[in-house]
Amino acid sequence: MVNLSGVFGSKELSVGVDVSFDTATSNFTKYNAALSLTYPDLIASLHLNNHGDTLTASYYHLVKSHSSTAVGAELSHNFPRNESTLIFGSQHSLDPHTSVKARFNNYGMASALVQHEWRPKSLVTISGEVDTKAIEKSTKVGLSLVLKP
């Protein structure tokens, strides 16, 4: 097995590849490629993964830095299944220790969380997810507690 991976670029633009070649069978077992643009208020990327079967484009934009308000989107297309997934998301800091995040996808799944840092590196998070196309199904609710000394 021969593995090759690398990234080159600058502060704003980077390009990377990850390739594996099985010398016994003379087949590529993995090949992925990515392109990324990074600026102070936005990040955009394009990924080709799973032997070229999946193409994913993502975008993250910081709207207000003082409140960490940001929006993002990801579009992923699987070529063999001819299936696409679109996800929109947003985040906002209510105060320096509390943040709110939400996301919604084209299959009707909506989720949200509230996270509070009550001590340095100690977090409590409440999250929920609902299938808006099958509202009669039970909603998922989660609670997480992270304690750091």
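Residues numbered from 1 in each chain as written. Predicted model: local features only at pLDDT ≥ 70, side-chain atom pairs only at ≥ 80, totals over all residues. Heavy atoms only, no water.

As annotated in an unreviewed UniProt entry, the protein carries the name Mitochondrial outer membrane protein porin and is attributed to Aegilops tauschii subsp. strangulata. Per UniProt, the protein has the following entry under Sequence similarities (unreviewed entry): "Belongs to the eukaryotic mitochondrial porin (TC 1.B.8.1) family." (UniProt positions renumbered as here; feature names shortened; annotations may be inferred.)

Caption draft 1: Spatial organisation of the pattern of salt bridges. For the structure on display, the rule yields three salt bridges. When the shortest N-O distance is used, the salt bridge between Glu129 and Lys140 registers 3.7 Å. Note that Glu129 is positioned in strand S10 (residues 122-131) and Lys140 in strand S11 (residues 140-146), a separation of eleven residues in sequence. A relative accessible area of 56% places Lys140 in the exposed class. (Salt bridge = Lys/Arg side-chain N within 4 Å of Asp/Glu carboxyl O. Helix = DSSP H or I, 4+ residues; strand = E, 2+ residues; numbered from the N terminus. Buried < 20%, exposed > 50% of the residue type's maximum accessible area, 1.4 Å probe, protein only.)

Caption draft 2: Molecular detail of the pairing of strand S4 (residues 42-49). Sheet topology places strand S3 (residues 27-39) next to S4; seven bridges connect them, and they run antiparallel. Bridge assignment links Tyr39 to a residue of S4, and that residue is Leu42. The pairing of S4 with strand S5 (residues 54-64) spans eight bridges and is classified as antiparallel. From the neighbouring strand, Leu46 faces S5, where its bridge partner is Ala57. (Pairing = 2+ DSSP bridges.)

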